[in-house]
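Working through the structure, step by step
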Amino acid sequence: MLELLSGPPIAVTFQSFTDVDFWTSVGIIAGTYTIFALGLQLNVGFTGIFNFGQAAFMAIGAYSMVILTTETEISFWFSLPISILITIAFALVVGLPSLRLRTDYFAIATIAAAEAIRLFALNARGLTGGAQGKYGFGDSWDSVSNTIQGWIVDLGWTDVPRLFPLFLVVWAVAVALTFVLSRAQQTPWGRVLRAIREDEDAARALGKNAFAYKLQSLAIAATLGALAGFFLALNLKFVVPDEFLPIVTFNGYAVLILGGLASYWGVSVGAVILWTILEALLFLDLPLSETRITALRFIVVGLILIGLMAFRPQGMFGKREEMVLGD
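Quantities reported herein were computed from a predicted structural model and do not represent experimental measurements.

1. Description of a nonpolar patch on the surface
Taken together, the side chains of Ile 111, Ile 247, Phe 250 and Phe 298 make up a nonpolar region of the molecular surface, amounting to roughly 310 Å² of accessible area. When you line up the elements, Ile 247 lands in helix H11 (residues 246-259). Residue classification places Ile 247 among the partly exposed positions, given a relative accessible area of 38%.

Okay, here's the thing in structure tokens:
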């Protein structure tokens with residue numbers, strides 16, 4: 001026990017940090033947010049467009065998969081690519097008019113689009129289940145999870161956590177996507193995105209269709225958001241509108257700041273750090289209400305981000321020369 005002056009005691013336990021279930025849970029959330037924030041890194045770090053609607057892409061991907069699986073005869077596996085296409089279509093609908101706006105107006109438009117999707121999911125009870133959410137879509141995944149778990153048992157680990165197969169798949173996808181995006185950034189396509197970020201007028205003067213490139217960047221971010229939505233749904237076993245509040249996108253930006261702007265590999269480190277801190281703070285036995293403890297978690301993260309911005313504004317793996325955004 002640690003005594004704070006004469007106040008009530010604060011109990012701190014480190015037992016959970018040796019628990020495989022704890023790290024499996026943190027790892028799944030961190031991996032999901034890695035995929036989620038990779039889209040933000042592409043938009044903000046390399047294209048210079050401030051997308052504050054990434055939560056909308058996550059919501060559309062998750063709900064599309066769930067609705068297709070539960071309300072139609074489409075299988076779970078076919079619902080995944082269809083959901084991605086639906087999410088990309090929504091990104092194009094949002095991007096076609098709003099990407100012509102100034103950067104700050106585009107940010108406002110994407111926030112509005114994200115809230116519109118969340119409120120639609122909340123009120124379209126017949127389609128989305130409303131505040132009660134949607135269930136009963138994970139049978140196909142459970143079969144795959146059991147197969148992976150059997151392979152692990154065959155290797156000699158008998159006490160496998162129930163969610164460990166999902167942990168493996170999430171991070172396999174996250175690492176693969178990070179590698180692909182890192183390689184793509186070194187191609188002429190990636191160099192055009194950097195040029196647009198730094199000086200869009202100069203890129204246009206060289207004959208590049210900046211609007212088309214920004215649309216492509218937004219569409220790829222939508223794909224990544226949809227994939228993150230799939231894994232979120234598989235982790236929770238249900239989908240509800242409250243999982244797609246604006247704070248979700250802002251958590252993605254926290255990951256971006258921690259890892260560093262224009263660093264794909266930094267995203268994964270930032271996600272692990274953020275969610276380790278947020279989950280670890282749950283094990284402080286404080287004399288506070290649950291609401292205040294939740295607020296305290298984000299205060300701590302906020303202080304860490306303030307300190308990082310003060311002493312290393314480029315993030316842990318970012319570079320100062322990459323912190324250039326066009327007007």
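2. Focus on helix H2 (residues 54-71)
Under the 1.5 Å per step criterion, the end-to-end length of H2 is 25 Å for 18 residues, consistent within 8% with the ideal 26 Å. Buried residues dominate H2, accounting for 16 of its 18 residues.

3. Observations concerning the nonpolar core
In terms of nonpolar packing, the biggest core is built from 85 residues, with Met 65, Phe 90, Val 239, Phe 244 and Leu 274 touching the most fellow members. Dropping the residues within four chain positions of it, Leu 274 is found in contact with Asn 251, Ala 254, Val 255, Leu 258 and Val 301.

4. Topic: the pattern of salt bridges
Overall, the coordinates contain eight salt bridges when judged by the stated rule. Of the charged contacts, one joins Arg 118 and Glu 115 as a salt bridge, the two residues approaching to 3.0 Å between their closest N and O atoms. One end of the pair, Arg 118, and the other, Glu 115, are both in helix H4 (residues 103-123), three residues apart, so they sit about a helical turn from each other. The salt bridge partner of Glu 200 is Lys 214, with a shortest N-O separation of 3.2 Å. Taken together, the residues Glu 200 in helix H9 (residues 200-205) and Lys 214 in helix H10 (residues 210-236) connect sequence positions 14 residues apart. Here Glu 200 matches Lys 214 in class, with each residue buried. A single salt-bridge network, built from bridges that share partners, covers Glu 200, Arg 204 and Lys 214.

5. Topic: the packing of helix H1 (residues 20-47) against H11
Running from N to C, H1 and H11 point in directions that differ by 75°, and their axes come no closer than 9 Å. Classified by the angle their axes make, H1 and H11 are roughly perpendicular. Residues Tyr 33, Phe 36, Ala 37, Leu 40, Gln 41 and Val 44 of H1 form the contact with H11, whose own contacting residues are Val 248, Thr 249, Asn 251, Gly 252, Tyr 253, Val 255 and Leu 256. Looking at the contact of H1 with H11 residue by residue, the classes come out as nine nonpolar, four polar and no charged.

Rules behind the numbers
- Residues numbered from 1 in each chain as written.
- Predicted model: local features only at pLDDT ≥ 70, side-chain atom pairs only at ≥ 80, totals over all residues.
- Heavy atoms only, no water.
- Patch = residues over 30% accessible without salt bridge, like charges linked within 9 Å, V, L, I, M, F, W, Y side chains within 5 Å.
- Areas by Shrake-Rupley, 256 points an atom, 1.4 Å probe, with all protein chains shown as cover.
- Salt bridge = Lys/Arg side-chain N within 4 Å of Asp/Glu carboxyl O.
- Helix = DSSP H or I, 4+ residues; strand = E, 2+ residues; numbered from the N terminus.
- Buried < 20%, exposed > 50% of the residue type's maximum accessible area, 1.4 Å probe, protein only.
- Expected span 1.5 Å × (residues − 1).
- Core = buried A, V, L, I, M, F, W, Y, C linked by side-chain atoms within 4.5 Å.
- Contact = heavy atoms within 4.5 Å.
- Axes fitted to C-alpha atoms, helices over the stretch in contact; angles between N-to-C directions.
- Parallel < 35°, antiparallel > 145°, perpendicular 65-115°, else oblique.
- Nonpolar A, V, L, I, M, F, W, Y, C, P; charged D, E, K, R; others polar.

The values are spatial; any link to function lies outside them.
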